[in-house]
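Listed below, chain by chain, are the residues.
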Amino acid sequence: MNTTLNTNGEVKPNLHVKLGNVEFKNPVLVASGTFGYGAEAKQFCDIEGLGGVVTKSVSWKPRMGNSPRRIVETASGMLNSIGLANVGVDTFVKEKLPYLAKFDTKIIANIAASSMEEYRDVLEKIEANAVPNLAGYEINISCPNVKDGGLSFGTNVERTEELTTLLRASTDRLLIIKLTPNVTSVAPFAQACERAGADAISLINTLVGMSIDIYTHEPRLNTVTGGLSGPAIKPIALAQVYQARKACSLPIIGIGGIVSAEDAIEFFIAGATMVQVGTANFVYPDAGVRVAAGLEKYLQQQKIAEVTELVNTLRVKAELKAAGW
Ligand SMILES: Cc1cc2nc3c(=O)[nH]c(=O)nc-3n(C[C@H](O)[C@H](O)[C@H](O)COP(=O)(O)O)c2cc1C
């Protein structure tokens, strides 16, 4: 146990968590697509206060994404249809990865693609240009805003398993599969990732949603539907993390509507080992650092020495558990 004392002589809780053989200084990451490649937020956020940065999804070629309008505010959240706009893997390895390598925090490279081969080629290109703090990969099989790829993998158990097996053979770094909530049950997907040798799963990506202008009768997003994120989706995300926790033994990274330390703590209790902060970054670019600081305070107040002690501590009555709840 790494127990240390703070200036008042109180126990300083240990926020370190391990995923596979990688140690993170705290369990709070920033979510893909909400923090750019780090440089965009640097001015407003102490990047080294984060457990790590999950970079914007990168594909083989640069993508412009969908045309505007591709962001709409909703009650307690937002809809986006960015469509995986990104710089492409060449620029990613030449510019973005070396920039983030300067910081004392972990990098998780998020990959999106429209074929199994593209996922593998992008991963192998990054692998060949890896920097020391590259912890691993998050595989986006859950983007609802593109026609090709994304959800066509994430809503098919066999393809999820096949893709995970393929990518597992290309890296010894962390392989994290990012799951979608846009399925009847997340359980078979979590189990497929486990069978195929993933190190962890992360969930949830955005939920398909829409918004309509009642005066023009037009959809507000150019693509008609988009992905809903933010506090509005937190209860759904929590339920999905809990279902995945019951279905497999892989570590889980909980995502969805986390704004505060209290939000993150609910995810740990439901069974997540780490969390990601997404939409909240658009309001407070240092939201992840705030969550980590609040978490430390909570542990201190509750006299809990290690953040890992919170994980999977939901108290469900025995009779309900026996009935499958
Ligand atoms: C504007 C925007 C862009 C996003 N881009 C990506 C992306 O490129 N890749 C990805 O895996 N997830 C992407 N996401 C999904 C987030 O990483 C996260 O899974 C989701 O927003 C739920 O978390 P939140 O409620 O904290 O935002 C994006 C979300 C938003 C709001």
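In case you missed it, the structure is sitting above this.
Quantities reported herein were computed from a predicted structural model and do not represent experimental measurements.

**Student:** Explain the sheet that holds strand 5 (residues 28-30) to me, and be specific about the residues and the numbers.
**Tutor:** On the basis of which strands lie adjacent, the closed barrel formed by eight strands has the order 5-6-9-10-11-12-17-18 and parallel pairing. The sheet shows a mean angle of 25 degrees between the axes of neighbouring strands, direction not considered. For strand 5 and strand 18 (residues 274-277), the ladder comprises three bridges, and the chain directions are parallel. Considered in strand 18, the bridge of L29 is made with Q276.

**Student:** Summarise helix 5 (residues 187-195); cite the residues concerned and give the values.
**Tutor:** Those residues of helix 5 that fall on the buried side of the exposure criterion are A187, F189, A190, A192 and C193. Those residues of helix 5 that are buried lie in contact with helix 3 (151-154), helix 4 (157-168), strand 11 (174-178), strand 12 (200-203) and helix 6 (234-247). Backbone geometry just after helix 5 places G197 at a positive phi near 95 degrees.

**Student:** Now, about the packing of helix 4 against helix 5: what can you tell me, with residues and values included?
**Tutor:** At a minimum axis distance of 8 Å, the contact between helix 4 and helix 5 shows a crossing angle of 25 degrees. Judged by the angle between their axes, helix 4 and helix 5 are roughly parallel. Crossing hand, helix 4 versus helix 5: right-handed. Facing V157, T160, E161 and T164 of helix 4, the residues of helix 5 in contact are P188, F189, A192, C193 and R195. Among the residues forming the contact of helix 4 with helix 5, the class breakdown is five nonpolar, two polar and two charged.

**Student:** Describe the nonpolar core, with residues and values.
**Tutor:** Within the largest apolar cluster, 90 residues are counted, with the highest numbers of intra-cluster contacts made by F24, Y119, I126, I139, L179, I201 and L203. When residues in this core are grouped by element, the largest group, six residues, is from helix 1 (residues 89-100). Those residues in contact with I201 that lie beyond four places of it in its chain are I176, I177, L179, A190, C193, A244, C248, L250, P251, I252 and I253.

**Student:** Report on the site of the ligand, specifying residues and quantitative values.
**Tutor:** Residues in close proximity to the ligand total 24 residues, the closest being S32, S57, G230, G257 and T279. With respect to the ligand, the side chain of K178 contributes an N or O atom lying 2.8 Å from an oxygen atom. I204 is positioned such that a nitrogen or oxygen atom in its backbone is 3.0 Å from an oxygen atom of the ligand. When grouped by side-chain class, the residues that make up the shell around the ligand number eight nonpolar, 14 polar and two charged.

**Student:** Would you mind going over the environment of A31 in detail, with residue names and values included?
**Tutor:** Within the fold, A31 resides in the loop between strand 5 and strand 6 (52-54). Residues A31 and P13, spaced 18 residues apart in sequence, show a C-alpha to C-alpha distance of 24 Å. Residues contacting A31, with those up to four places away along its chain left out, are V54, I255, Q276, V277 and G278.

**Student:** Before we move on, can you summarise the packing of helix 6 against helix 7 (residues 261-270) with the specific residues and values?
**Tutor:** The contact between helix 6 and helix 7 brings their axes to 9 Å, and the two run at 20 degrees. Viewed along their axes, helix 6 and helix 7 adopt a mutual orientation that is roughly parallel. Where helix 6 crosses over helix 7, the two elements pack in a sense that is right-handed. Taking contact as the criterion, the partners of K234, A237, L238, V241, Y242 and R245 in helix 6 are, on helix 7, D263, E266, F267 and A270.

What counts, and at which threshold
Residues numbered from 1 in each chain as written. Predicted model: local features only at pLDDT ≥ 70, side-chain atom pairs only at ≥ 80, totals over all residues. Heavy atoms only, no water. Pairing = 2+ DSSP bridges. Helix = DSSP H or I, 4+ residues; strand = E, 2+ residues; numbered from the N terminus. Axes fitted to C-alpha atoms, helices over the stretch in contact; angles between N-to-C directions. Buried < 20%, exposed > 50% of the residue type's maximum accessible area, 1.4 Å probe, protein only. Contact = heavy atoms within 4.5 Å. Parallel < 35°, antiparallel > 145°, perpendicular 65-115°, else oblique. Left-handed = near helix turned anticlockwise from the far one by under 90°. Nonpolar A, V, L, I, M, F, W, Y, C, P; charged D, E, K, R; others polar. Core = buried A, V, L, I, M, F, W, Y, C linked by side-chain atoms within 4.5 Å. Near = heavy atom within 4 Å. Polar contact = N/O pair within 3.5 Å; in protein donor to acceptor, adjacent residues only side chain to side chain.

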